[in-house]
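Per-entry structural report
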Amino acid sequence: MTRRAARIGLLTPAALIGGTALAIAAHRPGLAGAAGPGFWLAAILVWLAATLAARDLAALEPGHAAGRRLVRLAVPLLFGALVLVLWEVVVVGAGVPAVLMPPPSAVVARFATALPVLGADFVQTCLKSALPGYLIGCLSGLGVAILADRLPVLGRGLLPVANVASALPIVGIAPIMVMWFGFDWPSKAAVVAVMTFFPMLVQAGAGLAATGSIERDLMRTYAAGYSRTLLSLRLPMARPFLFTALKVNATLALIGAIVAEFFGTPIVGMGFRISIEAARLSLDMVWAEIALAALAGSAFYGLIALAERAVTGWHPSVRAG
Amino acid sequence: MTREATFFSRGRALPVAGVVLALLAGWYLAALLGNWNGAADALARAGAAPDVRGIAAATMAQERPVVPAPHQVVSELWRSIVGMPLGSKRSLLTHAWVTLSATLAGFAIGSLLGIALAIAIVHLRSVEASLMPWIVASQTVPILAVAPIIIVALGAAGLTGLLPKAVIAAYLCFFPVTVGMVKGLNAPDRIQRDLMRTYSASRGQILARLRWPAALPYLFASLKIAVAASLVGTIVAELPTGAQAGLGARLLAGSYYGQTIQIWAALFAAAALSALLVQGIGLAEAATARALGARPAGSAR
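Calculation criteria
Residues numbered from 1 in each chain as written. Chains lettered and ligands numbered in written order. Predicted model: local features only at pLDDT ≥ 70, side-chain atom pairs only at ≥ 80, totals over all residues. Helix = DSSP H or I, 4+ residues; strand = E, 2+ residues; numbered from the N terminus. Rg over C-alpha atoms; globule rule 2.2 N^0.38 Å. Buried ≥ 20, exposed ≤ 12 C-beta atoms within 10 Å, placed from the backbone. Contact = placed C-beta atoms within 7 Å. Domains from an automatic or database assignment. Nonpolar A, V, L, I, M, F, W, Y, C, P; charged D, E, K, R; others polar. Core = buried A, V, L, I, M, F, W, Y, C linked by C-beta atoms within 7 Å. Expected span 1.5 Å × (residues − 1). Bend = angle between axes of the 7 residues up to and from the residue. Axes fitted to C-alpha atoms, helices over the stretch in contact; angles between N-to-C directions. Parallel < 35°, antiparallel > 145°, perpendicular 65-115°, else oblique. Left-handed = near helix turned anticlockwise from the far one by under 90°. pLDDT = per-residue confidence, 0-100.

In this section: the overall build of chain A. If you tally the helices and strands in chain A, you get 13 helices and zero strands. When the helices and strands of chain A are placed in sequence order, the string is α-α-α-α-α-α-α-α-α-α-α-α-α. Here chain A has a C-alpha radius of gyration of 25 Å; the compact-globule value for 321 residues is 20 Å, and the former is much larger. Along the first, second and third principal axes, the C-alpha set of chain A runs to 80 × 60 × 30 Å. Among the 321 residues that make up chain A, the fraction classed as buried is 43%. Considering only intrachain contacts with a sequence separation of at least 6, the fraction spanning at least 24 residues in chain A is 76%.

Structure below.
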């Protein structure tokens, strides 16, 4: 235990400092694009140090919960930092042209300078296109699932169709929606609504069926009607399923909104920007948009996951994690 | 799984047919309403007296309708699948084959990668701790949006044609395989693992004899998701780069020239392809289950 702690105390700072030093050194005029074997040896050493540190950190089992959470956070952070540093070092050190692969530092610089453009794209794609479509798709999926539950004949007919439809390449309807609803955000919201509808329908259908007969019988002994049972028993029991669909849909919504923009947009939006800037080979801007998309997607996903924790704390899958 | 099965099955042929019929009827109605103004305008321009029945008939047979009628799509499908020689640029089968080959290549790469990752995650704790959060995070990146630059970057590196599309398809399909396989490889109980250890089985033997067979149902469930995701990835990868062939290119060309019927036909071809691929995995699953001497479906799970 103490030897391992000593190793961690030695290797983690070594990896961090070495990585930072390498990333800075790579930019020196003599090194950039013409790094010698000594430089690459140093890069490999940093990589080894970080890998060993991550291994030891992962094997660590602190006694208290806060420490465990810290370890769970530190290991992936270390890994992510390692990837970024290696990316920077390799791209700059080997002189990879920026049209192929810009170094992270260039992307960050571009991100900082292009904030107004990125903000406008974010509003257009995330807030105007993805969010309304997401709400419409999820709510209507839930509504149809309840309807199908109320009318079993409809359910037996609809749910297999929905099961098949949820495996279909629905992004393909984007050109049709652009034709119907025009170039601006309504067509994107429509694509997102259709994409998010089916996962919610399938999951809500499974969730509504997840109530045991004992609970339902209990509700019946309380003389509870359909809507009372639905509100007090079955929807709360379906929450884990609903949140699965909400989380799946969070990424789908962003993808749908961005991909739909490839088929024609006003001159703003993340998908528009990505395709335009990729055609102009200014890849640092494209990567800045991707970083924005990743941030927005993770934040959206994280918000829903937090809400899930708050609302379904009783469920084993949450308690275990 | 079992709950879902009871929820979906039980005498469903008739209701499904009803829903499909209702969808068809709704589609015809949408075609009628959606094309009404266009058809009325066209008739008025041609100088014909716009009576209701004439317009209604015209909505079903427009050159570039807002909503093509089902029979128009079917006839376009027939024309471009059977009517065109194989290998011609206008044959839908050629495009479908281009898409299918990239889909299968990406699916193979992605699922092998996913399985390898899952095995590493199950066996090496540091891999799990450092990689798993990023694997989850990687899925919140809208990779489909990144498709154009991956293709541009790989194209600049001299890789064109099938491989860039396959890379995107692989990225999309490794995740469900990894997650499903981690779950599946961890499915054997502690008792079963302990039994293997009393036989002094090595980790490799435990993997081959215990974990792998136990993971197969999970593997096939995630392969079904993965193959559908792989097809979506390939189609989207064909969109933004001016790909010459493939269902995605067909969609984009149809969208540029307003060829609605062509878009719908390509969409239906993609849907059929997706259904076929998922069905294929299902057949492989059944064959594997039989080969392993599983009990008939339903009781095995």
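Let's shift gears to the overall build of chain B. For chain B, the helix and strand inventory stands at 12 helices and zero strands. For chain B, the sequential pattern of α-helices and β-strands runs α-α-α-α-α-α-α-α-α-α-α-α.

Turning next to the domain arrangement of chain A. By the assigned domains, chain A splits into domain 1 (2–96) and domain 2 (112–320). The gap between the C-alpha centroids of domain 1 of chain A and domain 2 of chain A is 37 Å.

Taken together, the contact pairs 51 residues of chain B with 55 residues of chain A. Residue assignment for the side of chain B that touches chain A shows that the elements contributing at least two residues are α1 (2–8), α2 (13–46), α6 (125–138), α7 (143–156), α10 (203–238), α11 (247–256) and α12 (260–291) of chain B. A breakdown of the residues in the side of chain B that touches chain A according to their chemical character gives 36 nonpolar, 10 polar and five charged.

V191 and A204 of chain A together with C173 of chain B are the most contacted members of the largest nonpolar core, which has 131 residues in total. At 16 residues, helix α8 (residues 185–208) of chain A tops the list of elements feeding residues into this core. In this structure, V191 of chain A is in contact with G133, V171, I173, A174, M177, G256 and A260 of chain A, ignoring residues within four places of it in sequence. Of all hydrophobic cores here, the second largest spans 22 residues; its members include A15, L22, A26 and A53 of chain A.

In this model α2 of chain B runs 47 Å from its N-terminal to its C-terminal C-alpha over 34 residues, within 8% of the 50 Å that 1.5 Å per residue would give. Along its length, α2 of chain B shows its largest kink, about 50°, at W36 of chain B. What α2 of chain B keeps buried is the set P15, V19, A31, N35 and A39 of chain B. Considering only its buried residues, α2 of chain B is in contact with α6 (152–165) of chain A together with α3 (52–59) of chain B.

With that out of the way, let us pick up the packing of α6 of chain A against α8 of chain A. All names here are of chain A. At a minimum axis distance of 9 Å, the contact between α6 and α8 shows a crossing angle of 135°. On the basis of the axis angle, α6 is oblique to α8. As α6 packs across α8, the resulting crossing turns out to be left-handed. In this structure, α6 uses L159, A162, N163 and A165 to contact α8, whose residues at the interface are F198, L201, V202 and G205. Considered class by class, the residues forming the contact of α6 with α8 number six nonpolar, two polar and no charged.

The phi dihedral of A223 of chain A falls on the positive side, at around 60°, and the residue is not glycine. As for its position among the elements, A223 of chain A is in the loop between α9 (213–221) and α10 (226–260). For S200 of chain B, which is not glycine, the phi torsion reads 50° and is therefore positive. Mapping S200 of chain B onto the fold places it in the loop between α9 (190–198) and α10.

Right, let's talk about the environment of I290 of chain A for a bit. Structurally, I290 of chain A can be placed in helix α12 (residues 283–311). Along the primary structure I290 of chain A and V107 of chain A are separated by 183 residues, whereas in three dimensions their C-alpha atoms are 9.9 Å apart.

Segments scoring low in pLDDT should not have their predicted coordinates read at a detailed level. All names here are of chain B. Taken residue by residue, chain B gives an average pLDDT of 79. The fraction at 70 or more is 86%. For chain B, per-element mean pLDDT is lowest for α1, which scores 44, and highest for helix α5 (residues 92–123), which scores 89. Every residue in residues 1–9 is under pLDDT 50, and counting partners more than four places away or in other chains gives 12 contacts. Per-residue pLDDT stays below 50 along residues 297–301; that stretch engages in six contacts with residues further than four places along the chain or on separate chains. Interface scoring of the predicted complex returns ipTM 0.71; its pTM is 0.77.

All names here are of chain B. Close contact between α10 and α12 brings their axes to 10 Å; oriented N to C, the two are set at 160°. In terms of orientation, α10 lies roughly antiparallel with respect to α12. For the pair α10 and α12, the sense of crossing is right-handed. Between α10 and α12, the residues in contact are L216, F220, L223, K224, V227, A228, L231 and I235 and A270, L273, S274, L277, V278, I281, E285 and T288, respectively. Each residue belonging to the contact of α10 with α12 can be placed in one class, and the counts come to 12 nonpolar, two polar and two charged.

The next thing to look at is the confidence of the model for chain A. Chain-level pLDDT for chain A is 81 on average; 94% of the residues reach the 70-or-more range. Across chain A, the element-wise mean pLDDT spans from 57 in helix α13 (residues 316–320) of chain A up to 89 in helix α5 (residues 115–150) of chain A.

Turning our attention to helix α1 (residues 2–26) of chain A. In this model α1 of chain A runs 35 Å from its N-terminal to its C-terminal C-alpha over 25 residues, within 8% of the 36 Å that 1.5 Å per residue would give. Contact partners of the buried residues in α1 of chain A: α2 (37–59) and α3 (65–93) of chain A.

Here we come to the domain arrangement of chain B. Domain boundaries in chain B define domain 1 (1–65) and domain 2 (68–291). With seven residues of domain 1 of chain B at the interface, the matching set in domain 2 of chain B holds six residues.

All names here are of chain B. With respect to the helices and strands, the residue L223 is situated in helix α10. Distance from L223 to A25, taken between C-alpha atoms, is 34 Å for residues 198 residues apart in sequence. What L223 contacts, discounting residues up to four positions off in sequence, is S111, V177 and I281.

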